[in-house]
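# Reading the structure
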Amino acid sequence: MNIQIKKLTDSAKLPERGSDYAAGYDLFADISEEEEIKPHETKLIGTGLSVAIPEGYFGGIFARSGLSLKEGLRPANCTGVVDSDYRGEVKVSLHNDSDVVRHIQPNQKIAQLVIIPFLAVTFDEVDNLDETKRGVGGFGSTGK
């Protein structure tokens, strides 16, 4: 699949795969100088890129496992969504879950983009739903 991508700045870096079988493409911080993220603070970091994701797909923005494990930094909304009709700059809202100040450097890997298909649905309002064994059992109702 080919996806059109546009650099919005000269310093923007195109997404890269970390290995031949990686599902995610690393996104890089398009910032001119180091950004500080205080403990439990969220900062919006631009990538300097816009993309044209095909209809029937979306771009999921996920945490980089090393950055979240080692630095406590993750997307604030846990998984960002880039819709196929969005043409603005792809940005990552990075949240610092740690108790120490973290720093983001220019061109640092900050998240990963995964292109994912989805099904468009319609919702039919009904008076009753079919019965299941689980029924209305919620969180933890199926055991550990």
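Scroll up to find the structure this text is about.
The structure reproduced in this document is the subject of the present report. (Residues numbered from 1 in each chain as written. Predicted model: local features only at pLDDT ≥ 70, side-chain atom pairs only at ≥ 80, totals over all residues. Heavy atoms only, no water.)

## Some points on the pattern of salt bridges
Evaluation of the coordinates by the stated rule reveals seven salt bridges. Residue Glu36 is joined to Lys38 by a salt bridge in which the shortest nitrogen-to-oxygen separation is 4.0 Å. Exposure remark for Glu36: the relative accessible area of 35% places this residue in the partly exposed category. Close ionic contact of Arg74 with Asp97 constitutes a salt bridge, the shortest N to O distance being 2.6 Å. (Salt bridge = Lys/Arg side-chain N within 4 Å of Asp/Glu carboxyl O. Buried < 20%, exposed > 50% of the residue type's maximum accessible area, 1.4 Å probe, protein only.)

## Considering the pairing of strand S10 (residues 91–96)
By the bridge criterion, five bridges tie strand S5 (residues 42–46) to S10 in an arrangement that is antiparallel. Note on S10: the bridge partner recorded for Gly46 is Lys91. In the sheet, strand S8 (residues 73–75) pairs with S10 via three bridges, with the strands oriented antiparallel. Across the sheet, Leu73 pairs through a bridge with Asn96, a residue of S10. (Pairing = 2+ DSSP bridges. Helix = DSSP H or I, 4+ residues; strand = E, 2+ residues; numbered from the N terminus.)

## As for the environment of Glu41
For Glu41, the position within the fold is in the loop between strand S4 (35–37) and S5. C-alpha separation for the pair Glu41 and Glu71, spaced 30 residues apart in sequence, amounts to 13 Å. Beyond its immediate stretch of four places on either side in the chain, Glu41 contacts Glu36, Leu94, His95 and Asn96. (Contact = heavy atoms within 4.5 Å.)

## Re the sheet that holds strand S7 (residues 57–62)
Across the sheet, which stays open at both edges, the five strands sit in the order S2-S3-S12-S7-S9 with antiparallel pairing between neighbours. The two strands at the open ends of the sheet, each matched to only one other strand, are strand S2 (16–17) and strand S9 (80–82). Relative to S9, S7 runs antiparallel, the two sharing three bridges. Note that in S9 the partner of Gly60 across the bridge is Val81.

## Here's the deal with unusual backbone geometry
One non-glycine residue, His40, adopts positive backbone phi at about 60°. On the secondary structure map, His40 appears in the loop between S4 and S5. Unlike most non-glycine residues, Cys78 shows phi in positive territory, near 70°. As for its placement among the helices and strands, Cys78 is situated in the loop between S8 and S9. Residue classification places Cys78 among the partly exposed positions, given a relative accessible area of 48%.

## As for the nonpolar core
Leu27, Ile61, Val92, Leu94, Ile104 and Ile110 are the most contacted members of the largest nonpolar core, which has 18 residues in total. Of all the secondary structure elements, the ones that give two or more residues to this core are S10 and strand S12 (109–117). Excluding residues that lie within four positions of it along the chain, Leu27 makes contacts with Pro15, Thr47, Ile61, Val90, Val92, Gln108, Lys109, Ile110, Ala111, Gln112 and Leu113. (Core = buried A, V, L, I, M, F, W, Y, C linked by side-chain atoms within 4.5 Å.)

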